[in-house]
Amino acid sequence: MRCAKLQMAGIDNLRMTMTVIGASLVSLLGSVLVTSLAAAEPSRPAKTGTEPAKLALDYAQALAAGRMTDWAKADLGCLARHRASGKGAAAELNQKEIHACWTETLAAHRAMVADEPETGVFGALGRGAGFGLLDPEHRQIADTWRDYPPGIFISPSIILQAGGSMPQLELVKVFPARVVGVKLGQGKEPVGLTVTPVELRVSYPDPLTAPLALRPGQAWWASGTVRHNGPVRDLRARFLVVSGLRAHGFPTDQALLNEALEDGPSVLGADGGRTAEIGRAFNRPGEETSLTAVKGGLVVGSARWWDRPQAQQAFDRGLLRANQLPAGPDKTRLLMRLLLLDPSHPEVNALLGNDWTLVFLREGLTKSGITAADEASRLRVAELYWNLQAQTWRQEFTEVAMGHSQAADSLYGSMAALELAIRGGAGTYDMRRRLGALYRWNNDSDSALATHESLLRDLSESNRRQRGQLLAELAWDRIQWVAWNRRYEHPWLAQAAKEAAQALDLVDSPLEKLIAAQALVMVEALAVSRDQARLEHRVKEAKLWHDQLSGVTGLWGYLIANDVTKSLIPEAAVVTLPSSVRSLEVLDTEVHWKVPTQHLEKHWDFDRDSPGGIPARFAQVASVEGMAGTWRIESDPQAPTPPHVVAQPSPCQKADCFQLLLADAESAIEFPDVLVRMQMVSGNGQGGAGIVLGVKDHRNFFAVTVNLTTKLLAIHRVTNGQAVLLASALVKPDDHPWHLLRVQRMNFHHVSKPLIAVFFDGSEALAVAEETVPEVGRVGLVTIGDTVAKFDGFHLLKLVANEPLSAPAAY
């Protein structure tokens, strides 16, 4: 907010300055002919011997290499400070001046790319990571786009951090020189100086240390969505060489504009990213005042990213090193870098998933205060701790469920990584077993059961220890489901007791027997017809195995005083668990955050499309083989948004004939909110018109239609061309020819079981749970049978807030 206020203040000051000095500037530059830089053809690539090109290349190389003295002697910001000191044009910059200018410039660069972590968004770091946003697509939609000064792309404070490699520099082109207004310091009146833009290509040779930026096509902000950043391979930056300086008391006639320093010289209206204004070229008296950009910085659209094929050697080298590193931050950073190049690589995901699982388990030990004598016992005890915590009121698990902590990042990160590793064939028994446990802790018992049952089928009968371990896992999976869904009469509780008893017989170590015995305690505590004597017997049995553990401390209190058993076991009444077991969010119900303004919508009013054809980037199809659908743009001055509408004027005689008009591929989103105004021209009681969503192809989609003759709203699922009516309801249309239909796929009721919600003429008409809706599908318009209809004002909004923080969802 403060930055935005400063930015607006800068713009207001600029406008005031332009108003006051505009006349004197025109007089000053009276006969100077200035043509548009944007419209002018750039000159041919200059030889490095030409003055502006050589100076810009030397300046950039000195900055990148950290040669402070060479850089400062060609930096207009440093030279302007020297001139302001009153030492005279003949005096050279001293080392104190050079060091101060260098330090402040690099500090300004660091501040420009500084990010604040976003709470509640897994994998997010404010605007992103590294440079943040460089792709033109993001410039169009993001209010956090920054016009970086060119020096930032070679600044040692950014490029060389974390062992980065020196960038490579290459001259691309030199643009024609322009006379523009330059302010030679704060409070100085602008003077007319010659500015020559010089374009350099900056290449980052090592993909494992190259600066990051959000990859093209990625959402710049989305709740619960992991951003996919990538290492930048190269980009083009435009530097501004200012000439004619000796006449104004400088020791050299040419220098490079330093747009990072707040008090440095600047092209009038181009404050190096500190305001949103662009640089301006002056015009001759009497010419049109269509001021044109003269600005340094990124050449928008020039950035390119490293990908796996181009970085194969570096990738192989990094993977070899990752296998040799112990678990820790350095290894994690390297693995994350490798995944930026190949997100699905099985071995990298296996290494990362295992490490993150260990982090999550160790977080459990930290929270609980439980200790054990050896690492294997510590990790297994931590699994038992999370089994118990997953049973509790979910607010106690909030810190994990909302991504506010290291436990959260490791929980969700390990699930995603292990899934990819196992899918790619790199999964081991322990990885598969722990993935099922992670699902359970994430409150997804169905996935946990499927994982553990599959693993049990793959084990031989002779492997008693692992079969017993998996039977205990299955018992805990069922206990989690019964406890969370409060289905205490469900037969899964008896099944859990059977599996836990079998596990108790098969395993041999006291710790494994305790895990199975504690499952039997939980079964008795949850039983609808509770037998207190049998519960106490199970507790004594668990205590027997607990007391045989060697070196384990702090565990027993959790076994008897967890939220499920505490009120049922007399001994637990005097047990007080450490307060650290509960996350801070339990004490604060304000656990939600304000969602920033989004720019995730599309709107088609069809008014720019020519009558007779179909709308641009739309496709017409039909569910009946041999039909292509018939849609066209028509004129309708009475439409809600005249002059054009889109119509489907050709009825189909088959009652189950669906004619579709599909929006472009960019409409394929998981949680759409679709709205359209429609007018039914003709049709009997068998047809209808409306909206399609979740479209995989012309024979697989969902259709929400209204028949205004019968006033019947219907939701159909079409699978392989066969339509099934999911739900219907009578509606009461408003008394006018055009009606408003709105369809949402939303998950406010249950994150992993979305609803199709339908609104007609402003009132909620129907909602149906449909888990088979494709996660991503196109949207469009539809008519059924002999219905003829018109549509106008087709609107699509992406419901970003509906996207769960994990897959599968945590609740």
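Small disclaimer: the values here were computed from a predicted structure and weren't measured.

The rules we used
- Residues numbered from 1 in each chain as written.
- Predicted model: local features only at pLDDT ≥ 70, side-chain atom pairs only at ≥ 80, totals over all residues.
- Heavy atoms only, no water.
- Buried < 20%, exposed > 50% of the residue type's maximum accessible area, 1.4 Å probe, protein only.
- Helix = DSSP H or I, 4+ residues; strand = E, 2+ residues; numbered from the N terminus.
- Pairing = 2+ DSSP bridges.
- Salt bridge = Lys/Arg side-chain N within 4 Å of Asp/Glu carboxyl O.
- pLDDT = per-residue confidence, 0-100.
- Contact = heavy atoms within 4.5 Å.
- Core = buried A, V, L, I, M, F, W, Y, C linked by side-chain atoms within 4.5 Å.
- Expected span 1.5 Å × (residues − 1).
- Polar contact = N/O pair within 3.5 Å; in protein donor to acceptor, adjacent residues only side chain to side chain.
- Disulfide = S-S within 2.5 Å.
- Phe/Tyr/Trp six-rings, centres within 6.5 Å; stacked < 30°, edge-to-face > 60°.
- Lys NZ or Arg CZ within 6 Å of the ring centre and 35° of its normal.

Focus: the pairing of strand β3 (residues 191-203)
Where a strand is regular, its side chains alternate between the two sheet faces.
Part 1 of the reasoning: With 10 of 13 residues buried, β3 is to be regarded as a mostly interior element.
Part 2 of the reasoning: Sheet analysis places strand β1 (residues 168-174) next to β3, joined by six bridges and oriented antiparallel. In the sheet register, K173 faces β3, and the bridge partner there is E199.
Part 3 of the reasoning: Looking at chain direction, strand β2 (residues 178-183) and β3 are connected through five bridges and run antiparallel. Counterpart to R178 in the pairing with β3 is V195.
Part 4 of the reasoning: Alignment of β3 against strand β5 (residues 229-243), held across 10 bridges, turns out to be antiparallel. Bridge pairing links T194 to S243 in β5.

Section: the pattern of salt bridges
Part 1 of the reasoning: The full count for this structure, using the stated rule, is 39 salt bridges.
Part 2 of the reasoning: Across the salt bridge formed by R304 and D234, the nearest N and O atoms sit 2.7 Å from each other. Remark: D234 occurs in strand β5 and R304 occurs in strand β9 (residues 304-305); sequence separation between them is 70 residues.
Part 3 of the reasoning: Assessed through its relative accessible area of 40%, R304 is described here as partly exposed.
Part 4 of the reasoning: Taking the shortest distance from any N to any O, the salt bridge between R433 and E383 comes out at 2.8 Å. With R433 in helix α14 (residues 429-441) and E383 in helix α11 (residues 375-389), this pair connects stretches of sequence that are 50 residues apart.
Part 5 of the reasoning: Residue R433 is classed as buried on the basis of its relative accessible area, which comes to 2%.
Part 6 of the reasoning: Overlapping salt bridges, with partners in common, bring together R380, E383, D430, R433, R434, R440, E473, D477 and E512 in one network.

A look at the confidence of the model for the protein
Part 1 of the reasoning: Overall, the prediction assigns the protein a mean pLDDT of 82, with 80% of residues at 70 or greater.
Part 2 of the reasoning: Here residues 120-128 is a poorly scored stretch, pLDDT under 50, and it has 39 contacts once near neighbours within four places are set aside; other chains count.
Part 3 of the reasoning: Confidence over residues 805-811 falls short of pLDDT 50; this stretch has 26 contacts with residues more than four positions distant or in other chains.

Some words on the nonpolar core
Part 1 of the reasoning: Judged by nonpolar contacts, the single largest core of 85 residues is most densely connected at W71, F131, L134, F153, Y204 and L235.
Part 2 of the reasoning: When residues no more than four places from it in sequence are discounted, the contact partners of F153 are F131, L134, Y148, I159, V202, Y204, L235, A237, G297 and L298.
Part 3 of the reasoning: Counting 77 residues, the second largest nonpolar core, distinct from the first, contains L365, V381, Y412 and L511.

What to know about α11
Part 1 of the reasoning: In this model α11 runs 21 Å from its N-terminal to its C-terminal C-alpha over 15 residues, within 8% of the 21 Å that 1.5 Å per residue would give.
Part 2 of the reasoning: In terms of residue burial, α11 counts as a mostly covered element, since 12 of its 15 residues are buried.
Part 3 of the reasoning: Three or more residues of α11 are buried, namely S377, L379, R380, V381, A382, E383, L384, Y385, W386, N387, L388 and Q389.
Part 4 of the reasoning: Taking the backbone nitrogen of A376 as reference, a side-chain oxygen 3.3 Å away marks D374 as the first, capping residue of α11.

Section: the state of the cysteines
Part 1 of the reasoning: Under the criterion given, the structure shown has one disulfide.
Part 2 of the reasoning: Through a disulfide, C78 is tied to C101; the S-S separation comes to 2.0 Å. Because the sign of the S-S torsion sets the handedness, a value of about -90 degrees for the bond joining C78 and C101 places this disulfide among the left-handed ones. Here the residue C78 occupies a position in helix α4 (residues 76-84), and C101 occupies one in helix α5 (residues 95-112), the gap between them amounting to 23 residues. The burial state of C78 is the same as that of C101; both residues are buried.

Considerations on the packing of aromatic side chains
Part 1 of the reasoning: The tally for this structure, following the rule as stated, stands at 17 aromatic pairs.
Part 2 of the reasoning: Between the aromatic rings of Y148 and F153, the centroid separation amounts to 6.0 Å while the plane-to-plane angle is 85 degrees, which identifies the pairing as edge-to-face.
Part 3 of the reasoning: Aromatic pair Y385 and W386: ring centres 5.1 Å apart, planes at 65 degrees, arrangement edge-to-face. Here Y385 and W386 have matching classes, each one buried.
Part 4 of the reasoning: Grouped by ring-pair contacts, the aromatic residues F360, Y385, W386, W441 and Y558 constitute a single cluster.
Part 5 of the reasoning: If you follow R308 out to its NZ or CZ, it ends over the ring of F315, 4.0 Å from the centre.
Part 6 of the reasoning: Above the face of the W556 ring, K543 is positioned so that its terminal group lies 5.4 Å from the ring centre.

Some thoughts on the environment of I633
Part 1 of the reasoning: Here I633 is to be found in strand β12 (residues 632-635).
Part 2 of the reasoning: With relative accessibility at 1%, the residue I633 sits in the buried group.
Part 3 of the reasoning: With 13 residues separating them in the primary sequence, I633 and V646 have C-alpha atoms 4.5 Å apart.
Part 4 of the reasoning: Once you skip the residues sitting within four places of it in the chain, I633 turns out to touch F606, D609, S610, P611, G612, G613, I614, P615, H644, V645 and V646.

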